[in-house]
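# Architecture at a glance
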Amino acid sequence: MDSTTLLSLIIFTPTVGALFLWAFDRKAEESMRYCALVFTTITFVLTLFLLGEFDRDDPGIQPVLVQVNESDATEYERLEAYHVATEGEVLDGVKLTAGQIVSDGKAYDESQIQRGVVHRWIGQWNINYTLGYDGISVPLVLLTSFVSLLSLLAAWNIKKHVRGFLILFLLLESGMLGVFLSLDFFLFYVFWEVMLLPMYFLIGIWGGPRKEYAAIKFFLYTLVGSVLMLIAMLMVYYDSGQSFDLQYLARVGQGLEDGLSFSPTVQMAAFILLFIGFAIKVPIFPFHTWLPDAHVEAPTPISMILAGVLLKMGGYGILRIAFPLCPEGAAAAAWWLALIGAVSIIYGAFAAMAQTDFKRLVAYSSVSHMGYVLLGIAVWKINEDTGATIGSEYWLMGMNGAMFQMLAHGVSSAGMFFMVGVIYDRVHHRDLNQFGGLMGLMPFYSGLAVGIFFAGLGLPGLCGFIGEVFVVLSTWNFSKPLAIVAAAGVILTAGYILWAIQRVFLGPEYKGPHKEDITPMNGREASIAVVLLVFAIVLGVYPESMFGLMRGSMKLLVDSLEIAMR
Amino acid sequence: MTAEESLIVKLLTAAWLLPLLGFAVEVFGGYWQKSRKSKAAALMAVACIGCGFVASASALCLGIEWSALLGEGTKHDVMEPISGTFYLLGEFGPLVLSLDYYIDSLTLLMFTMVTLIATCIHVFALGYMSDELTDDHVDHEVHLSDGGHFHRPGRFYRFFSFMSLFCFSMLGLVLAGNIFQVFVFWELVGICSYLLIGFYVERKSASTAANKAFIVNRVGDFGFIIGLMVIWTSFGTFRFFDHEIDTKPVPGLFTMISRVEAEDAHHDEKHKSSAEHEKDEEHPEGEEHPEGEEHHNGEEKAEESHPAGEHATAEHHAHTMQLDVDDARSVVFLHKDNKGTRIADPVTETEKSIPYWLLIVAGVGVFAGCIGKSAQFPLQTWLPDAMEGPTPVSALVHSATMVAAGVYLAGRFYPMFAPEVLLVIAYIGCITLFVAATIAIVATDIKRVLAYSTISQLGYMMLGIGVGGWAAGLFHLITHAFFKSLMFLASGSVIVGCHHEQEMPKMGGLWRKMPVTAFTMLVGVIAICGLAIPFSIFGAKIAFSGYHSKDAIVASSLAFMNANQIHFLLFFVPLVTAGITAFYMFRLWFYTFAGTPRDKKVYDHARESPLVMTIPLIVLSFFAIFVAVGGEVGPLYGLLQGSEPVHVDGGAVSVATEGATAITMPSRHAIHDVHGQAGWYALIAAVSGAVFAYLLYGIRVIDPADIKRNFSGVHTFLVEKWRFDDLYEVMFIKPVHVIARWCTGFDRGYIDGLLHWLSRKTVDVSNWDRKFDENVIDGLVNWIGKVVYKSGRSLRHLQTGLIRQYVMFIALGVLALFVLLFVMFPA
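So, how was this worked out
Residues numbered from 1 in each chain as written. Chains lettered and ligands numbered in written order. Predicted model: local features only at pLDDT ≥ 70, side-chain atom pairs only at ≥ 80, totals over all residues. Heavy atoms only, no water. Helix = DSSP H or I, 4+ residues; strand = E, 2+ residues; numbered from the N terminus. Areas by Shrake-Rupley, 256 points an atom, 1.4 Å probe, with all protein chains shown as cover. Salt bridge = Lys/Arg side-chain N within 4 Å of Asp/Glu carboxyl O. Domains from an automatic or database assignment. Contact = heavy atoms within 4.5 Å. Buried area = accessible area lost by both parts, 1.4 Å probe. Polar contact = N/O pair within 3.5 Å; in protein donor to acceptor, adjacent residues only side chain to side chain. Phe/Tyr/Trp six-rings, centres within 6.5 Å; stacked < 30°, edge-to-face > 60°. Lys NZ or Arg CZ within 6 Å of the ring centre and 35° of its normal. Buried < 20%, exposed > 50% of the residue type's maximum accessible area, 1.4 Å probe, protein only. Pairing = 2+ DSSP bridges. pLDDT = per-residue confidence, 0-100. Core = buried A, V, L, I, M, F, W, Y, C linked by side-chain atoms within 4.5 Å. Patch = residues over 30% accessible without salt bridge, like charges linked within 9 Å, V, L, I, M, F, W, Y side chains within 5 Å. Lys, Arg positive; Asp, Glu negative; His and termini not counted. Charge placed at Lys NZ, Arg CZ, Asp CG, Glu CD. Expected span 1.5 Å × (residues − 1). 1 Å grid on protein atoms, 1.4 Å probe; cavity = no way out; pocket = protein on both sides within 12 Å on 5 of 7 lines; lining within 4 Å. Points joined across faces, edges and corners; volume = space filled by probe spheres on them. Nonpolar A, V, L, I, M, F, W, Y, C, P; charged D, E, K, R; others polar. Axes fitted to C-alpha atoms, helices over the stretch in contact; angles between N-to-C directions. Parallel < 35°, antiparallel > 145°, perpendicular 65-115°, else oblique. Left-handed = near helix turned anticlockwise from the far one by under 90°.

## Structural notes on the overall build of chain A
Looking only at helices and strands, chain A features 19 helices and 10 strands. Dimensions of chain A along its principal axes, counting C-alpha atoms only, are 80 × 60 × 40 Å. Accessible surface, chain A: about 18,400 Å² in total, of which carbon and sulfur atoms supply 63%.

In structure tokens form, the structure reads like this:
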């Protein structure tokens with residue numbers, strides 16, 4: 001399949017599905033659900049194709065295209081089989097330089113090839129429809145389609161305005177996939193905003209008692225972030241000779257384009273704007289208070305999407321945009337970033353401990369866990385005089401750990417929210433002090449739930465452990481006090497999760513209302529939970545499955561930022 | 001790797017993974033078994049761990065060089081370590097994290113010990129847990145709100161699946177080839193312990209104890225992680241062994257920190273300069289040195305009183321070793337081989353080193369993990385509460401294996417510990433063994449006495465390792481595992497026999513009802529007290545295992561005190577505690593089995609346990625008697641010596657060789673010199689403790705109640721466990737909850753408060769905006785409109801519909817226009 005087609009299909013299959021839903025009779029709710037399921041499944045399968053297409057030996061953006069003829073710089077075709085030359089490689093007796101692309105007995109310079117598919121969109125303003133993927137986005141794209149599929153299954157018992165729900169859900173999925181696949185800043189921004197509206201309505205219409213408050217809070221918070229991002233976008237747009245191309249902007253930011261670069265002031269300002277914009281999404285203390293409200297009020301499947309995917313966009317934005325475009329800003333702010341990352345870990349854990357609402361506790365645990373993501377990204381230690389990076393392999397490890405933590409959290413927090421949703425559907429309350437004894441009443445559910453909560457607790461063998469501990473290990477090189485603070489998180493995490501498990505699952509009897517409604521999980525619920533737990537185990541036991549995908553691109557990012565700072 | 005070595009690896013891997021496989025099947029036992037009365041899952045668990053034992057024992061037989069073990073030469077040839085990698089967890093440039101294996105004689109010994117004891121305990125549990133083999137189990141300890149007892153289906157299979165998971169984790173911990181992997185399995189045994197302590201999930205006390213165990217352990221693990229961070233950042237590897245990355249040789253941790261020969265700091269307090277060191281870097285360890293001669297002379301003196309097999313070892317490594325420090329003693333240089341070649345950066349030629357204080361931080365950090373896991377002071381409070389778990393769990397997890405893992409790690413990681421860290425270990429062990437023993441005197445719950453005794457014995461092991469008796473500490477680990485699991489199982493037999501009565505004051509005279517239990521318990525009691533007939537009969541002392549190992553520890557601490565007079569407490573406290581140990585252990589035995597029955601109901605219903613429970617008791621008592629046969633020339637001690645870090649033999653010195661901070665580790669032969677002396681001291685202490693217990697609880701010359709009354713303050717203090725729990729409640733738990741509430745309050749009050757304030761202000765501004773719109777702008781527009789309207793209205797009167805009038809207006813208008821034209825443009 002043509003790359004443009006594949007990438008566009010991935011993004012727009014859910015949208016097509018949303019259009020399809022109009023064709024159904026309003027009362028054919030079950031058929032509409034199946035229709036939506038078919039389209040999310042197709043999307044998931046397409047992302048698996050993408051995984052097949054993805055060449056993990058090439059750290060750069062893919063697909064790689066080459067000019068059809070030398071004079072025409074508009075027509076490109078895809079290189080099917082190629083490899084990136086290593087230092088000292090020889091082709092037909094000619095010594096190649098590292099980074100050249102070798103395909104079919106020919107060597108191409110980076111200038112002759114194009115990474116990512118580009119189509120003109122709004123020529124006047126140099127806005128393109130640019131799509132592409134690398135080791136950073138492929139795992140997240142997979143996570144998105146995977147979590148969306150499971151969330152849709154979890155949404156089976158939504159009874160209110162089913163068509164509307166499904167349409168918004170599918171639009172949301174398109175938006176999320178678009179964010180992870182677009183390489184044009186403007187396109188990125190458009191998808192970012194596309195995602196926002198369905199989310200607003202999904203919380204505001206299908207949410208709990210305080211849904212309006214939560215939806216507006218979510219909307220306003222995110223909108224502030226978007227506005228800051230917009231300002232930064234325009235700053236770099238005008239400073240780069242009017243380009244939205246993220247690869248080009250990154251080269252400008254890193255001083256690789258002749259005669260063009262962002263001044264340190266611009267970098268600093270743009271970085272702060274971008275960072276706050278993304279930090280709101282992550283969310284990072286003190287921009288996190290939308291999250292508990294949004295989660296508590298959102299219906300279960302939307303909580304799963306929120307925690308499983310939406311929060312990762314913040315981390316992705318920092319990795320894809322904030323750092324590459326503004327390396328100097330990033331380097332200057334690294335310590336502050338790490339500090340608020342560490343503070344988020346501890347603060348989120350403390351706040352989680354004081355909650356009496358089960359879902360709120362899980363929401364605060366997200367704040368704590370996402371703190372590791374920021375901390376891992378930020379452990380960039382620089383020699384102030386030379387600009388050389390100290391212990392770059394530890395930063396690389398932190399970056400990888402942060403990225404892994406995003407995936408792990410995507411699985412574990414989606415699972416935790418789902419588990420809370422399952423019990424909420426039965427007893428219609430979430431008061432931690434009114435549970436107890438579920439282990440006896442729903443043994444299978446409790447077993448799976450405890451397993452997934454252990455993944456959140458960071459138990460070895462489950463996914464949460466790897467991300468957290470890799471980040472923490474890499475932090476000592478950067479700052480000893482912050483490393484100690486972050487490591488202290490393990491005690492608090494154990495505290496609030498075990499305490500919650502004790503109050504909900506253990507004990508002799510259930511203390512709350514609707515005891516008669518407590519029934520075992522049905523097949524649909526059980527399969528969602530089992531799949532999530534299995535993935536938590538696979539990621540925890542064999543983390544190399546994900547590190548293998550992201551390693552090259554992470555290394556490229558770290559190396560290029562290091563070079564930019566020298 | 002030879003075929004034999006790879007076979008050993010395969011055997012151990014099988015022994016390690018079989019219980020995991022068992023767990024994966026057993027945990028679903030509720031589904032695939034026909035009823036809760038089925039024992040299939042349990043039998044599967046027994047089979048898994050039994051096969052594991054066979055595999056481990058075969059590996060042990062295969063792996064060690066028997067001639068070296070039983071012969072008279074040095075024990076370092078007993079086994080070459082086997083190491084390798086299972087698979088990678090992550091790889092970041094030169095940083096590699098992986099699952100490895102490191103197999104030496106200690107690993108093989110631990111594998112065999114763990115699987116053997118676990119097999120016995122699994123079999124015992126078949127009997128002990130049999131009241132779970134029902135579809136309607138009544139838990140009499142749980143009272144429901146309606147006044148009844150709690151009913152549930154039996155959970156026989158679940159117990160065994162958790163036990164299997166535990167065995168897998170424990171064996172993984174022992175097999176681990178890097179410290180990170182140790183940490184991974186460290187956490188896993190922790191969670192298994194959590195699951196097993198909280199096995200009776202309905203009991204609030206059980207789930208609270210489980211939480212406490214895990215969280216307190218996490219406090220220790222917090223330190224462990226700090227240690228890991230230091231090691232990771234300073235050494236760049238977690239592996240114990242030398243290995244290759246991309247065919248480039250990379251030294252392991254133990255090689256990097258390998259000792260160099262000290263400039264015999266004992267004798268002339270002279271430091272070798274760094275430059276001299278480099279010249280010196282080639283000298284092999286076994287080379288003859290003048291100080292070696294000196295030691296040799298001492299050796300001959302010792303020879304008379306000591307068996308011949310030992311001194312050869314001492315002779316071989318009689319050099320004092322120390323860390324490779326610089327002149328200022330601020331950094332420790334890292335080595336790339338065992339000959340002391342320093343690692344140098346190829347470009348800058350700077351030698352790779354770690355600051356000395358960081359090495360101490362790393363050591364203390366990792367040891368903090370051991371403090372948590374081995375329930376050492378100040379984190380000892382979780383272990384007594386952990387007795388909420390079923391008794392087989394207490395026997396396996398909380399006495400023989402998991403809690404000993406802390407000691408195992410301290411032993412395994414010994415080369416990384418600077419002398420200062422060893423001193424910390426020694427003092428922590430010393431405090432722990434005393435505190436726990438004192439509490440054991442007043443405890444009345446039979447399992448709690450054993451729990452405190454476990455803590456105290458773990459303290460002994462730590463002390464042994466801390467004072468340089470590496471093999472002595474681990475020796476005690478092995479012997480203790482046998483006799484303590486024996487005693488726990490015996491107490492389990494008593495508890496079942498007495499229908500779940502654990503209070504000793506309600507027992508008494510039970511030996512008539514349960515002779516096998518009473519007898520095997522007595523074996524354990526004698527072993528732990530270290531009673532023996534200290535004369536050689538047929539060339540060997542008549543002594544149970546505990547005598548040999550405790551003797552070795554006391555001898556090490558005596559030698560340590562001789563070398564460091566200031567640390568005299570490290571000898572006297574354990575000596576006194578040896579007496580206390582004998583006292584509370586015999587108190588337990590007399591209380592339970594001797595005398596007259598104190599509670600007729602309990603006594604009348606008491607019965608001996610079935611064979612499935614007594615046979616494990618007999619097997620374990622066999623090992624409790626014979627495992628350490630031969631003492632320090634026996635095979636067990638020899639096996640341990642096969643894994644002993646090379647610098648232990650000659651003793652080691654701390655960095656500072658002068659002043660109060662000087663620490664000198666006793667050499668092997670220094671320990672040997674005092675061995676006989678220490679043995680007598682320990683024996684006298686133990687015998688007096690035992691006699692005292694006999695007087696109080698055996699023949700009751702003095703009524704213990706009188707003593708209790710006279711020392712009621714002390715008694716209360718001890719019953720309240722030195723009030724650690726209250727202290728921690730005030731110091732940690734309450735503040736954490738306060739901060740947690742404060743955080744939530746901050747979110748709601750300040751962050752959201754600010755947002756709400758902002759949004760209110762926005763609304764206010766909008767309102768004002770609206771008012772401005774309505775009043776000012778709209779007012780203006782309206783006014784204009786009104787004026788226009790009004791004027792239009794007034795002009796309306798002009799519109800009369802009379803043609804003449806209109807013509808007149810037009811004429812007047814034209815006239816006016818012409819006048820204006822001429823006025824404005826006169827030309």
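## Comments concerning the pattern of salt bridges
One pass over the full model with this rule turns up 35 salt bridges over all chains. We note a salt bridge from B:R412 to B:D104, for which the minimum N-O separation is 2.8 Å. Highlighted residues: B:R412 in helix α17 (residues 402–412) and B:D104 in the loop between β2 (95–103) and α5 (105–128), separated in sequence by 308 residues. Via salt bridges that share partners, A:R210, A:K217, A:D293, A:R360 and B:D752 belong to a single interconnected network.

## Digging into the environment of A:A500
Following the sequence through the fold, A:A500 ends up in helix α17 (residues 480–504). With 331 residues separating them along the chain, A:A500 and A:F169 place their C-alpha atoms 31 Å apart.

## Section: the domain arrangement of chain A
Split by domain assignment, chain A resolves into domain 1 (64–115) and domain 2 (130–565). Between the C-alpha centres of domain 1 of chain A and domain 2 of chain A there is a distance of 37 Å.

## Remarks on the interface of chain A and chain B
In this complex, chain A contributes 59 residues to the contact, which on the side of chain B involves 61 residues. A combined buried area of about 5,200 Å² lies between chain A and chain B, and 72% of that area is made up of carbon and sulfur atoms. At the surface where chain A touches chain B, the tally comes to one salt bridge. Measuring nitrogen to oxygen at the nearest pair gives 2.7 Å for the salt bridge that ties A:K217 to B:D752. At the surface where chain A touches chain B, the tally comes to 17 residue pairs in polar contact (both at pLDDT 80 or more). Element by element, the count of residues in the side of chain A that touches chain B is highest for α17(A), at 14 residues.

## Describing the packing of aromatic side chains
Per the stated rule, a full pass over the model turns up 87 aromatic pairs over all chains. One aromatic cluster is present, built from ring pairs that chain together A:F404, A:F465, A:F470, A:F547, B:F92, B:F180, B:F183, B:W186, B:F224, B:W232 and B:F238. Lying across the ring of A:Y424, A:R430 places its NZ or CZ 4.7 Å from the centre.

## Quick notes on the pairing of β2(B)
All names here are of chain B. With nine of nine residues buried, β2 lies mostly within the body of the structure. Of the two faces of β2, the one holding L95, L97, L99, Y101 and I103 and the one holding V96, S98, D100 and Y102 are both buried throughout. Sheet topology note: the strand β1 (residues 82–92)/β2 ladder contains nine bridges and is antiparallel. Bridging from a neighbouring strand, E91 pairs with V96 of β2. Counted between consecutive antiparallel strands, the loop separating β1 from β2 contains two residues, among which G93 sits at a positive phi close to 60 degrees.

## Some words on the confidence of the model for chain B
Residues and elements named next belong to chain B. For chain B, mean pLDDT is 84; residues scoring 70 or higher make up 90% of the total. In this model residues 265–317 is a low-confidence stretch, pLDDT under 50, and it forms 76 contacts with partners more than four residues away in sequence or in other chains. Both scores are given for the predicted complex: the pTM is 0.89, the ipTM 0.92.

## Focus: the nonpolar core
Core analysis: the biggest nonpolar cluster contains 468 residues, and A:F185, A:F454, B:I179 and B:F413 have the highest contact counts within it. In terms of residue count, the dominant contributor to this core is helix α13 (residues 392–427) of chain A (21 residues). In contact with B:I179, other than residues within four places in its own chain, are B:F224, B:L228, B:F238, B:F240, B:L253, B:V366, B:L409 and B:F413. The next biggest cluster of nonpolar side chains, apart from the first, holds 11 residues, and it includes B:V554, B:L558, B:A559 and B:I671.

## Focus: unusual backbone geometry
Along the chain, A:V282 connects to A:P283 via a cis peptide bond; the corresponding omega equals -10 degrees. Between A:F285 and the following residue, A:P286, the backbone shows a cis peptide bond with an omega angle of 5 degrees. Within the element layout of this structure, A:P286 appears in the loop between α8 (264–281) and α9 (290–297). Phi at A:N126 is positive, roughly 60 degrees, even though this residue is not glycine. Summarising the element assignment, A:N126 is placed in the loop between β9 (117–122) and β10 (127–131). Although it is not a glycine, B:A375 sits at a positive phi angle of roughly 50 degrees. Relative to the elements of secondary structure, B:A375 occurs in the loop between α14 (356–373) and α15 (382–385). Overall, the relative accessible area of 0% leaves B:A375 in the buried class.

## Topic: a negative patch on the surface
All names here are of chain B. On the surface, a cluster of negative charge is contributed by E4, E65, D77 and E80. Tracing the chain through its elements places E80 in the loop between α4 (66–70) and β1. A relative accessible area of 61% means that E80 is categorised as exposed.

## What about the side chain of A:D58?
All names here are of chain A. Considering the arrangement of structural elements, one finds D58 in the loop between α2 (29–53) and β1 (64–67). The class for D58 is buried, based on a relative accessible area of 1%. The contacts of D58, once residues within four sequence positions are left out, are V64, Y82, V84 and R115.

## Some points on helix α12 (residues 358–378) of chain A
Residues and elements named next belong to chain A. A rise of 1.5 Å per residue sets the reference length of α12, with its 21 residues, at 30 Å; its end C-alpha atoms lie 31 Å apart and thus fit the reference within 8%. For α12, the buried fraction is high: 21 of the 21 residues fall into the buried class. Backbone nitrogen of K359 and a side-chain oxygen of the N-cap are separated by 2.8 Å at the start of α12; the cap is D357.

## Thoughts on empty space enclosed by the protein
Following the criterion strictly, the structure yields 11 cavities of 30 Å³ or more and no others. In terms of lining residues, the largest cavity is bounded by 17 residues, among which B:G469, B:S556, B:Y637, B:R668 and B:I671 are the most central. Residues belonging to the lining of the largest cavity are distributed by class as follows: eight nonpolar, five polar and four charged. Approximately 100 Å³ is the volume attributed to the second largest cavity. Lining the second largest cavity, in full, are A:Y372, A:L457, A:G458, A:F465, A:E468, A:V469, A:V472, A:V490, B:F183, B:E187, B:R218 and B:I225.

## A word on the sheet that holds strand β8 (residues 113–115) of chain A
Residue and element names in this part refer to chain A. The sheet built from three strands is open, its strands ordered β2-β1-β8 with antiparallel pairing. The sheet is open, and its two borders are formed by β2 (76–78) and β8, each paired with just one other strand. Neighbour-to-neighbour, the strand axes of this sheet turn through a mean angle of 35 degrees, independent of strand direction. Bridge count for β1 against β2 is three bridges, and the pairing is antiparallel. Residue pairing in the sheet places V66 in a bridge with E77 of β2.

## Points about the side chain of B:T134
As for its position among the elements, B:T134 is in the loop between α5 and β3 (137–143). Every residue in contact with B:T134, bar those within four places of it in the chain, is listed here: B:R36, B:K37, B:P153 and B:G154.

## Some details on the sheet that holds strand β6 (residues 101–103) of chain A
Residues and elements named next belong to chain A. Spatial ordering of the open sheet is given by β3-β6-β7, a layout of three strands whose pairing is antiparallel. The open sheet is flanked by β3 (83–84) and β7 (106–108), the only strands paired with a single partner. Strand direction decides the pairing type here: β3 and β6, joined by two bridges, are antiparallel. Across the sheet, residue V84 finds its bridge partner in β6, namely I101.

## Focus: the packing of α9(A) against α12(A)
All names here are of chain A. Where α9 contacts α12, the two axes come as close as 9 Å, and the packing angle between them is 140 degrees. Between α9 and α12, the angle falls in the class oblique. The handedness of the crossing between α9 and α12 is right-handed. The segment α9 lies against α12, with L291, P292, D293, H295 and V296 engaging K359, R360, A363, Y364, S366 and V367. Partitioning the contact of α9 with α12 into residue classes produces six nonpolar, two polar and three charged.

## Comments concerning the pairing of β3(B)
Residue and element names in this part refer to chain B. As defined by bridge partners, β3 adjoins strand β4 (residues 149–152) across four bridges and the pair is classed as antiparallel. Residue pairing in the sheet places V138 in a bridge with H151 of β4. Linking two consecutive strands that pair antiparallel, namely β3 and β4, is a turn of five residues; a positive phi of about 95 degrees is found at G147 within it.

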